[in-house]
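Structural overview
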Amino acid sequence: MRKIVVSLVLLLSLSFTLQAANFSKVAEGTPHLIQEGSQKMWCPVCGMNLKMFYKTSHAVVLKDGKKKQYCSIRCLVADWPIIKDKIKEILVVDAKTGELINAKSAYYVVGSKVKGTMSMVSKIAFAKEKDAKAFQQKFGGKISDFNRVFKIASESLNKDSMMVAKKKQIKMYPMGKKIYTKMCKPIDVKGFSHINELKAAIRAEKLCKPMKEKQLQAVALYLWDVKRVNTKRGCNCGMMRQNSSCNCNMNKMNMKGCRSSANMGQVASKMGLTKTDKCPVCGMFVYKYPKWAAFIYYEQDGKSKYLAFDGVKDMMKFYFEPVKWGKYENIKNSIKKILVRDYYTLKPVLAESAWYVVGSNVFGPMGNELIPFKTEEAAKNFMVDHKGKKILRFNDITKEIVYKLDE
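Below or above, wherever it landed, is the structure these notes cover. (Residues numbered from 1 in each chain as written. Predicted model: local features only at pLDDT ≥ 70, side-chain atom pairs only at ≥ 80, totals over all residues. Heavy atoms only, no water.)

**Things to note about the pairing of strand β1 (residues 58–62)**
Rule in force here: With a 1.4 Å probe rolled over the protein chains alone, any residue whose accessible area is under 20% of its type maximum counts as buried; one over 50% counts as exposed, and the rest are partly exposed. Only runs of H or I of at least four residues qualify as helices and only runs of E of at least two qualify as strands under DSSP, and these elements are numbered from the N terminus. Two strands make a pair as long as DSSP finds a minimum of two bridges between them.
Taking burial as the measure, the 5 residues of β1 include 5 buried ones, the bulk of the element. Where burial is concerned, the two faces of β1 agree: the one with H58, V60 and L62 and the one with A59 and V61 are both buried. Across 4 bridges, the pairing between β1 and strand β2 (residues 67–70) is antiparallel. In the strand pairing of β2, H58 is matched with Y70. Linkage of β1 to β2, two consecutive antiparallel strands, is achieved through a turn of 4 residues, within which G65 is found at a positive phi near 95°. In this structure, β1 lies alongside strand β3 (residues 87–93), joined through 5 bridges in antiparallel fashion. Note that in β3 the partner of V60 across the bridge is I90.

Pasting the structure below:
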């Protein structure tokens, strides 16, 4: 009996998979692309081909007349901080007719068996409710409106970005590097403001030998994400530059230098906050902003204590000048560890081992921030999505950099 049940479950699963495979996101005719220029056929955020992912495509018309079109609502959300105050109209492709319609009047089917575009959860839009219900009956999912779907996409952006970053790191970057080396002339990416402009130039100016769309995407991703954001650095142990392994053979943490790899593994797995924790720099209650929380742990009179901050920026202000914020004259000599939260996972990371993005379009509770990540790859992915200007290590951060963020 149990074998029969298992077999039925497997058959149902296979049936759903085959059904989902019957739905194609590719434009059935000529896609309606509203961007201008030779780059119009690619998403400006991720570089994906809009014809191939046309049935999840979203577009915006800005107040100045400029138009942008994305492969998905995920990329619209990623670009949102830049465009939100300039938007005149938001459009989405009706998956039934292929026409662009007002997104705020569309019926979305969320979480169907169809694979998501740049996301783990699919979001397919329709102009008519009856078409959405027909799709739902065949592929599953829930019917929702734009505002709810936008919220879902915003809340899952971090996880979706990490998923995409892992796929690119495993497959696309190595493929792109190999193809670029064999098939392309040297390409300087500094003159491009979006990845779709880079793709258009590669093809129009014949910077590479003729290649298929997947090859072009791999090359563009490698150039845009890896070559353009090439900020590999070591750590500074006193006056000596070490490599990225940062093993300084120290017995304990030196907050002006590095920490041994053995001690790095001894980080507490959780960071707790109470409702009374106040940032000593700005006075905010930190528990209201747990995503941005940073901590300095120290010892006083034989007891372990900590200070909580509502962001890395305020933490660094304190770190550089502790006496400015209270009776902390000797605190640097008693610091045990400094922890920050990885922006994507919210897990604690030792401050001196983290990677920080500055100059992005993402703001913390106190405005411009030093946004921390556990890995360089995550920092690079965030930097591309959110227009970051630079990636820093802990020892690269100076008092001047910190206070310039307030300007």
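Still to come is the rest of the account.
**Quick look at the sheet that holds β1**
To keep it simple, the criterion reads: Comment: axis = line fitted to C-alpha atoms, over the contacting stretch for helices; angle = value between 0 and 180 degrees taken between N-to-C directions. Note on contacts: a residue pair is in contact if any heavy atoms of the two residues lie within 4.5 Å.
Ordered in space as β2-β1-β3-β4, the 4 strands form an open sheet in which the pairing is antiparallel. In the strand order of this sheet, the two ends are held by β2 and β4 (100–102), each with one partner. Adjacent strand axes in the sheet meet at a mean angle of 30° when their direction is disregarded. Helix α2 (residues 73–83) rests against β1, β2 and β3 of the sheet, and its axis sits at about 145° to β2.

**Let's talk about the packing of helix α6 (residues 195–204) against helix α7 (residues 213–227)**
Rules: An angle counts as roughly parallel when it lies under 35 degrees, as roughly antiparallel when it exceeds 145, as roughly perpendicular when it falls between 65 and 115, and as oblique in every other case. Rotating anticlockwise by less than a right angle from the far helix to the near helix defines a left-handed crossing, while the corresponding clockwise rotation defines a right-handed one. For this classification, Asp, Glu, Lys and Arg are treated as charged, while Ala, Val, Leu, Ile, Met, Phe, Trp, Tyr, Cys and Pro are nonpolar and the rest, including Gly, are polar.
Remark: α6 packs on α7, axes separated minimally by 10 Å, with the N-to-C direction vectors making an angle of 125°. When the axes of α6 and α7 are compared, the pair comes out oblique. The two elements α6 and α7 meet at a crossing, and its hand is right-handed. Residues I195, L198, K199, I202 and R203 of α6 form the contact with α7, whose participating residues are E213, L216, Q217, V219, A220, L221, L223 and W224. Split into classes, the residues belonging to the contact of α6 with α7 amount to 9 nonpolar, 1 polar and 3 charged.

**Considering the packing of aromatic side chains**
What counts, and what does not: Only Phe, Tyr and Trp rings take part, Trp by its six-membered ring, and two of them pair if their centres are within 6.5 Å. Stacked means planes under 30 degrees apart, edge-to-face means over 60, and tilted covers everything else. In this analysis the charged atom, NZ for Lys or CZ for Arg, is taken to sit over a ring once it is within 6 Å of the ring centre and within 35 degrees of the ring normal.
Per the stated rule, a full pass over the model turns up 23 aromatic pairs. Taken together, a centroid distance of 5.9 Å and an interplanar angle of 55° make the contact between Y343 and F373 tilted. Of this pair, Y343 sits in the loop between β12 (335–341) and β13 (348–350) while F373 sits in strand β17 (residues 371–373), and the two are 30 residues apart along the sequence. There is no split in this pair, since Y343 and F373 are both buried. One aromatic cluster is present, formed by W292, Y343, Y344, F373 and F382 through successive ring pairs. Taking the ring centre of F23 as reference, the NZ or CZ of K55 above it sits at 5.3 Å. Above the plane of the ring of Y297 lies K337, whose end atom (NZ or CZ) is 5.2 Å from the centre.

**Looking at the pattern of salt bridges**
The following threshold applies: Any Lys or Arg side-chain nitrogen found within 4 Å of a carboxyl oxygen on Asp or Glu counts as a salt bridge.
Taken as a whole, this structure holds 11 salt bridges when the rule is applied. Across the salt bridge formed by K55 and E28, the nearest N and O atoms sit 2.6 Å from each other. One end of the pair, K55, is in the loop between α1 (2–21) and β1; the other, E28, is in the loop between α1 and β1, with 27 residues separating them in the sequence. Look at K55 and you get buried, because its relative accessible area is 8%. D385 serves as the salt-bridge partner of R74, at 2.8 Å between the closest nitrogen and oxygen.

**Overview of the state of the cysteines**
Basically, it comes down to this: What counts as a disulfide here is a pair of cysteine sulfur atoms lying within 2.5 Å.
One pass over the full model with this rule turns up 1 disulfide. For C184, the disulfide goes to C208, at an S-S distance of 2.0 Å. Between C184 and C208 the sulfur-sulfur dihedral comes to about 105°; the bridge is accordingly right-handed. Residue C184 is found in the loop between α5 (157–183) and α6, and its partner C208 is found in the loop between α6 and α7; the two are separated by 24 residues along the sequence. With a relative accessible area of 15%, C184 lands in the buried category. Free of any disulfide, C46 has its nearest neighbouring cysteine sulfur in C71, separated by 3.5 Å. With no disulfide partner, C282 has as its closest neighbouring cysteine sulfur the one in C279, 3.8 Å distant.

**Section: the environment of K166**
Within the secondary structure, K166 is located in helix α5. Looking at K166, the relative accessible area reads 51%, which means it is exposed. With 215 residues separating them along the chain, K166 and N381 place their C-alpha atoms 9.7 Å apart.

All quantities given are derived from atomic positions and should not be read as evidence of function.
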